[in-house]
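# Examining the three-dimensional arrangement
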Amino acid sequence: MDPIDIDSAEGFRRAVVAAVAEAVVRRARRLVLADPDFDAWPLEEADFLAALTDFARLPGRQVLLLARR
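The shown structure was predicted, so the numbers you read here are calculated from the model rather than taken from an experiment. (Residues numbered from 1 in each chain as written. Predicted model: local features only at pLDDT ≥ 70, side-chain atom pairs only at ≥ 80, totals over all residues. Heavy atoms only, no water.)

## Concerning the environment of Arg 30
Positionally, Arg 30 belongs in strand β1 (residues 30-34). Taking the C-alpha atoms as reference points, Arg 30 and Val 63, 33 residues apart in sequence, are found 5.9 Å from one another. Those residues in contact with Arg 30 that lie beyond four places of it in its chain are Phe 55 and Gln 62. Looking at Arg 30, its side chain comes within polar contact range of the side chain of Gln 62, at 2.9 Å. (Helix = DSSP H or I, 4+ residues; strand = E, 2+ residues; numbered from the N terminus. Contact = heavy atoms within 4.5 Å. Polar contact = N/O pair within 3.5 Å; in protein donor to acceptor, adjacent residues only side chain to side chain.)

Now the structure itself:
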C-alpha cells in the first residue's frame, strides 16, 4: 500500500478505504476498526461499503468495530 497523507478529512477517508481494500488484497482474516465515536469515518460512503463488502465476502472473515458510543 502506498503511503497516504492524512492531513484532511478527505485524506483520512482515502486512507480508510485504502486500508480496507488492502485487507482484501492481503486476504486478512480480521479487520479491527476502532474510534471513540466513528463520526469522521466514511461508513456510509459507496467506496468504503464496496471495499468492506469485498472483505466480508471472503470466507471466514471478521469485522470488529470498537467504539465508546
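## With respect to the environment of Arg 29
Along the chain, Arg 29 turns up in the loop between α1 (9-25) and β1. Classification of Arg 29 by relative accessible area gives exposed; the value is 56%. As a C-alpha pair, Arg 29 and Gln 62 span 33 residues in sequence and 6.4 Å in three-dimensional space. Every residue in contact with Arg 29, bar those within four places of it in the chain, is listed here: Phe 55, Pro 59, Gly 60, Arg 61 and Gln 62. A polar contact is formed between the side chain of Arg 29 and the backbone oxygen of Pro 59, at a distance of 3.3 Å. (Buried < 20%, exposed > 50% of the residue type's maximum accessible area, 1.4 Å probe, protein only.)

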